[in-house]
Structure formats: C-alpha cells, structure tokens
Amino acid sequence: MNDERLGFWARLAMFFWLPWKVLFDGVAALRVRKALQAPEAPTPAAAPAAEPTPPPRPTGEEALRLLAILQRDGRLVDFLLEDVSGATDAQVGAAARIVHEGCRKALSQYLTLRPLRQESEGDPITVPEGFDPAEIRLSGNPIGKPPYRGRLVHPGWKAVEVRLPEPASGVDATIVAPAEVEV
Amino acid sequence: MEEGRPTLGLDLGTTNVALAVARREDEPPATALLPQVVHEGEVAERPQLPSFVYLPGEELAASAIALPWDPARDYVVGAFAREQGARIPARLVSSAKSWLSHAGVDRRKAILPWGAPEEVPKLSPVEASARYLRHVREAWDHLHPDLPFDSLDLVLTVPASFDAVARDLTVEAARAAGLGERLTLLEEPQAALYAWVASRPDWRKQLSVGDLILVCDIGGGTTDFSLIAVLEEDGALELRRVAVGDHILLGGDNMDLALAYAVRTRLEGQGQKIDDWQFRALVHSVRQAKEQLFAEPTLPSAPVVIPGRGSRLIGGTLRTELDRPTLESTLVDGFFPRVQASERPAAPRRVGLTALGLPYAHDPAFTRHLAAFLGRQAEATASLPPGVHREGRSFLHPTAILFNGGVTKAAPVRERILEVLESWIVAEGGVAPKVLEGGDPDLAVSRGAAYYGLVRKGRGVRIRGGSARSYYVGLERAELAVPGIPPRVDAVCVAPFGMEEGSEVTLPEPMGLLVGEPASFRFFASSARRDDEVGEVVDPAELEELPPIETVLQGEEGAVVPVRLRARLTEVGTLEIAAVESAGREWRLEYQIERG
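**Details of the nonpolar core**
At step 1: One finds Val136, Leu193, Tyr472 and Val494 of chain B to be the most contacted residues of the largest nonpolar core, which totals 173 residues.
At step 2: If near-sequence neighbours (up to four positions away) are discounted, Tyr472 of chain B is found in contact with Ala491, Val492, Cys493, Val494, Phe523, Phe524, Val538 and Leu543 of chain B.

**Overview of helix H1 (residues 79-87) of chain B**
At step 1: Every buried residue belonging to H1 of chain B is among Ala79, Phe80, Ala81, Arg82, Gln84 and Gly85 of chain B, and all of these are buried.
At step 2: On the buried face of H1 of chain B, the contacting elements are strand E4 (34-39), strand E5 (42-46), strand E6 (48-50), strand E7 (53-54), strand E8 (76-77) and strand E9 (92-93) of chain B.

**Details of the sheet that holds strand E14 (residues 236-244) of chain B**
All names here are of chain B.
At step 1: Reading across the sheet, the six strands line up as E18-E17-E12-E13-E14-E19 and stay open at both edges, with mixed pairing between neighbours. Across the chains shown, the open sheet's two edge strands, defined by having one partner strand only, are strand E18 (434-435) and strand E19 (463-464).
At step 2: Each of strand E12 (212-218), strand E13 (223-233), E14, strand E17 (400-404) and E19 touches helix H5 (residues 188-199); the most contacted strand, E12, lies at about 110° to it.

**Here we look at helix H8 (residues 276-295) of chain B**
All names here are of chain B.
At step 1: In this model H8 runs 29 Å from its N-terminal to its C-terminal C-alpha over 20 residues, within 8% of the 28 Å that 1.5 Å per residue would give.
At step 2: Taken together, the buried positions of H8 are Gln278, Ala281, Leu282, Ser285, Val286, Ala289, Lys290 and Leu293.
At step 3: For H8, the elements touching its buried residues are helix H7 (252-269), strand E15 (301-306), strand E16 (318-323) and helix H10 (324-335).

**Section: the interface of chain A and chain B**
At step 1: Taken residue by residue, the interface counts 18 residues in chain A and 15 residues in chain B.
At step 2: Mapped by element, the contributors of at least two residues to the side of chain A that touches chain B are helix H4 (76-81) and helix H5 (89-110) of chain A.
At step 3: The greatest single-element share of the side of chain A that touches chain B, amounting to seven residues, is contributed by H5 of chain A.
At step 4: Of the residues in the side of chain A that touches chain B, the class split is 11 nonpolar, three polar and four charged.

**Digging into the domain arrangement of chain B**
All names here are of chain B.
At step 1: What the domain assignment reports for chain B is domain 1 (7-186), domain 2 (202-249 + 359-460), domain 3 (252-335) and domain 4 (470-589).
At step 2: One C-alpha centre belongs to domain 1, the other to domain 4, and the line joining them spans 34 Å.
At step 3: Facing 10 residues of domain 1, the contacting portion of domain 4 comprises nine residues.
At step 4: Among the secondary structure elements, those contributing two or more residues to the side of domain 1 that touches domain 4 are helix H4 (164-176) and strand E11 (183-187).
At step 5: Take the side of domain 1 that touches domain 4: its biggest share by element is five residues, from H4.
At step 6: Tallied by class, the residues present in the side of domain 1 that touches domain 4 amount to six nonpolar, one polar and three charged.

What counts, and at which threshold
Note on numbering: residues in each chain are counted from 1, in written sequence order. Chain letters and ligand numbers both follow the written order, the letters beginning at A and the numbers at 1. Residue-level local features of this predicted model are given only where pLDDT is at least 70; pairs of side-chain atoms are given and counted only at 80 or more, and the full residue set underlies all totals for whole chains, interfaces and linings. Connectivity within a nonpolar core runs through C-beta atoms within 7 Å, and the core itself is a set of buried Ala, Val, Leu, Ile, Met, Phe, Trp, Tyr and Cys residues. Comment: burial labels come from other C-beta atoms within 10 Å of the residue's own C-beta, placed from the backbone, where a count of 20 or more is buried, 12 or fewer is exposed, and between is partly exposed. Residue pairs qualify as contacts under a 7 Å threshold applied to their C-beta atoms, which are placed from the backbone. Helical segments are the DSSP runs of H or I of at least four residues, strand segments are the runs of E of at least two, and each set is numbered from the N terminus. One bridge is not enough; two strands pair if DSSP finds at least two bridges between them. Lines fitted to the C-alpha atoms define the axes, with helices restricted to the stretch that makes contact. Angles between their N-to-C directions range from 0 to 180 degrees. A helix is expected to span 1.5 Å for every residue after the first. Classes in brief: Ala, Val, Leu, Ile, Met, Phe, Trp, Tyr, Cys and Pro nonpolar; Asp, Glu, Lys and Arg charged; the others, Gly included, polar. These domain limits were set by an automatic method or by a database of domain assignments.

Below, the structure written as structure tokens:
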C-alpha cells in the first residue's frame, strides 16, 4: 500500500472546506467521486516483475495506404523510383508539377499539417527551460542551461489530424498501385 | 406547416448535384455534405455529388463501391463513378439531365450510356436522375438519422428552359427515388436570385422599381437565361419573372474542350502523339491552367503537363504551356465574341440524316444566344409589366445582371459579357447595367432553393413567375380530304403564358374527344408568345412541338364525346391537361412519351 498520507492539520482543514466544495461545485464533486472510486494504484514496488510484452510489430499497413494514396493522386512512387540521371531539369520539373499537384491535394485531404512554431523564419526565439527536444532541434552553440536565445530556421510541421480512410475489407495493403491493363 | 423545420434545396445539375438546408430566414442557407464513394473502397463527404452513374461489370470488387448504408449496391454514383468512367467510358452514364429534356428520344427507355455495347446494362434518363436523387436522400438520412429527408419540405430546381414534359419527368424521377411527398419545383435562375437575396439583408437598397434583372447562368453543360422584373405592389417591392430562354446545350465543358483541342493541335505540330487517355489528362491540365491564368491577370502563361501512362513519369510526361493570347482568342473571343444586338445564332444545318444524340448548340457564341434571347422577348410585350420595355428599343434592356454557374467565376468572362451587353444598350441610348455582386456560382442554386422553401412558408420575398410558356393543343381542321396532303392542324392555346401555380383555365369552345381507341394528341409550346389568350388559334409553324400524347382513353369504342379542355398548373410546378365532359366524366391526358 502507499505510505503517503496527509497530516492531521491538513486533514482537519479539508474537513471544513471539502463539504462546501462538493455541495456547490459539481465538477469538483465529480472529481472527488472518481478519485474515491478509482482502484488504488499499485506501487511500483508491489508490481510483480512481469515479463514486458513487446509492442506488436508494425505491419506498416497505414504507411502503405498513405503511400498508395500519394501514388494514386500524385504518382509519387513512379517519380521516386524512376532513374533521373538521363533526364533534363525541364523533364524532371514537368513531372514534379504532376507530383506536386496530386500529392499536395492528397495531403490536405487526408492530413492536417500545421507549423509547430507560429513565428516567421528568421525571427528571434527563446527556447525555454524544459523544452521538448522532439519538438525543437537545436543547432549552433547551445552552451550552458536553457533558456536559450536563438533564431527560428524552420518552423517544423505537426500532424494535428489524420483522416486516412478506413481500409475496405479484404484489401491487400501491400498493393501500392495495381497493374493497369488496357483491354 | 410546422415552424422552424428546416427546408431542403436540391440542385440536380447536369454535371453536379448539390443539397442545401435552410433553417431560418435570417440565416443564409448552408450546403449539406454528401457522403459518396470517392475512390475505390473509400467513402467521404463532399459538398457536391458529380452527376454520373457507373454500371460496373467484372472489373470492380463489390467492396470497392459499397456504401455504409448499402454494402451490396451494384452501381455507383458520384466522384468515383466519374473517375472510373474516365477509364471505362462505355459503362458511364453522364448528362442524364440533358437527355431528360431531349424530346427526340423516349426518355423512359433504357438508352444510357448512349451507344454502349449490348452487354452493358442500361438506364433510362428518368432512372439515372432517380439514382442521383435517391443517393442524396440516403446520404442525408445517413448523416441525419433524427431528421428524415421525407419529413422535410424539398425544393428541386429545374432549368427555366425545361418544358412541361421535362418538368413532369423530373417529378417522375423524384417520385421513383422516394421523395415525392413534399416536393416543389423551382427554376434555377430564380433560385440563383433567391440565393442572392438570402445573402444580402440589404438587397432592397440595391434594387428599385423598374429594374430588370438578367440572370445569366452558364454551367458545365448548359446555359439558361431569365429576366426578372422589379415591380411595386401595395407599396412593397415585388419580383416577377417575365421571360425565360431556350434550352442551350453549351457550357464550360465546351470551353475546356476547345482549349484542349487548341493545345493538342500545337503538340501534334511538334510531332507528339496524344491518345485518348492522355487527351483526358490534357483537358484536366488545361482547365487548371485556365483557372490559374484567370486568377492571376499578370501571368503570361501557365504550364500544361500530361503525365505518361506507364510507370515512367519523368520520361513519359509531355509539357507545354497555355499562353494568354491562346486563352483569350479561344475562350473569350471564341465563345463571347463582340457582336451586334441584331445578330442571331447560326441555325443548325438541315441535313437528311443526322446522328441521334444530344442536340448540342450549333453556335458556340454565348453573346449571340443572349442577343437572340433579349431580342425575341421584345416582340411580345403586351403582357410585360409597364416600364420594363419602351417603344423604339429593338431588345429588352436589362438594368442589372446576376451571374451564376461555374463559367462566370472567371472575371474576364464576366467582363466580356458586360462589355457586350453594355455596348448594345448604350447604342440604343440606355444605361449600362449594374452587377449584383456576391454569391457562390457553384452552390447558389441549391442554397436559393432551400431559401425558397422558407419563402413558401410565408417568410421573405417571393418571385412571382407562373408558366414560362404558353401551351397549345393541335386540332385537325374540318375540311375536304385531299390525297397525299395531311389534314392541316391548328394550334389552340390551352394554357396562357404567366399562368400562376395552383390556377386553372378551361377552353371556352367544346371539342370532340375520341375515346375507346388509340388516339394521338399533338401539343405545342412557345416561350416567346406571351400575349395569346386561352382559345386563341395559332399557326403551329410558329411554335415548338412537344412529343405527342398517344393513349387510349376509357370509354365506349370509337365514340366521340363533347368535352372542354382544362389546364391546371399544379403547386408542384407541373402542367396537367384534362378533358372534361359536361356530364362530369374527366380524362387526364398524360405524357406517355413512348415512340418505339
């Protein structure tokens, strides 16, 4: 059991204000009820040293579905897998327009992407203490402890919503693009 | 009628269907999303439902076109139907609405896809339209299980140029789709004006008594003109639709095709071959380039790219450009030439044999069609409200113009139409018309229709219209028969122009009605003869003939019964003609457009 508990005086003070809080604040009352009903969290020490179950290996189905969409709408796979060494820049550019138009439409349809930082590129920016290194990547000369003062080089991207379609039943996700046959 | 219940407006367009819902008069109607199959096996909500039906064979898995509310559907409607139809055109039904208004074919017969091989299942134009409507009803019910489609008032729009038969068939399609109960028809240009009124609380300040509004509706496949007059009645502004144009099968698709042909000619001049598949990609790319050039007036040209079909995208892509001079000469000068107000569209060449098919407009010049529309109306002015037309003018002078339809989103197109119209009016000493700004040319018709649903409940201003045509019945002349010469036929007016919804008229002269054996009734209509009264006899050569009614009326075989003809314009917006005997018997003459 958890050994952590409140002292007598703290409990006495609570004895006076809690009933009023419960009576006049519905949200607080609900939280109290939930707290009392919740099973007591087992302390780490008490937990049996269970074999850690490995997370299921990603099958990549969703990734393949997104790839299939980008190929369908913007021919992305064709573009990336083609040998460009002999092509002129004008040829690559013309093909890039097709990829750009189609993939851009697909991205906006199936994902909502927003910059992580609202400042403009080049703006001064302060990186606070306790920043998340996954959200902010530092370069240059970060000496000492944060906060750091710097300049925004790239505002980053964050997927705030993913709206990939449900796969139709019985569809093989490994088929990124079907073969096309003119009959 | 219940207060506060939403009303629905449905725009059954030639290339897109849209649904809007109006909840309150002081709140602009909103577009309702329509879930549909958008890609193989993927259902998503879109603001428009492309008007296409695809009839699959073995090439698609059942799961590819399954709907959330019907996993076993054996056809598909909407965005994916259009996409799949580009791959296999023989199984695609398109332009069902144009077929619905085409008197040259039996519109209840399964003839679509037109010219498809025998193995492909076929639909009638009525059934294809019913499938779009059924999809909209089911899509609404899927998203709003607590507010069934059937329980709401529905306004369905039709082109102003639809005659009584096409309106009847539209209602028939709606009934087949299960949405007949609370249905009213509304003309599309009127719906566009309602949408403008609904989006402008101060609209009364922008119009004044004596204004004549030209609604210029240029959609993907068809063009529709209407004139609406602003009048005063009991001290309040009143709108009255005074004229509608003919059905013109000419729209934005013609323009995109014309541009694509121009670009293809240039590519072929450079030694490139373009197959059918690439040509469709070219049309798509040219449309994008066109929109880009229209949106950015300083851009000298926009790229056009046609992807290769195989996996070699970079090596197989053709690249060219659409330059501004080509765009302007092909599209603006080609379709909207600067012409005189007296010019008329080139008449179709009369040849002995013509391919059956849709009666596409022969003259691509919108400005000539507009000149014809305004000029023709000036020939019959006795029934026009006072102030709308003045002596000495060769055509009606609109004082305001409302643009609608996707084509009019392009500023150079709007400017050219205005420039031409202005030049005609100024040449006769008139004043340049003002533009009624605002509105969404793609979605205005459905929104205006939803708003009209509220208007019908007594909220907001109503456009008075009535019948946009006069209708006539053919009567054989009683004269000596001459071999080889068919008896001459007179056309007798049975329903005058401007007849109001819910009203009826009866022909004063009695006629003999043949009952008990097959009989054929000829009908005629005119959108220009506004001054004919009931019973007036007219030469049929001046009218447009409708399909005959061929039917057997119940009765003693071969008897001729004296009757009077009665015409009624129903609340729904369709025309009913009945023969009434003085003894009380009544025969309804219904359009049975069966012509083998």
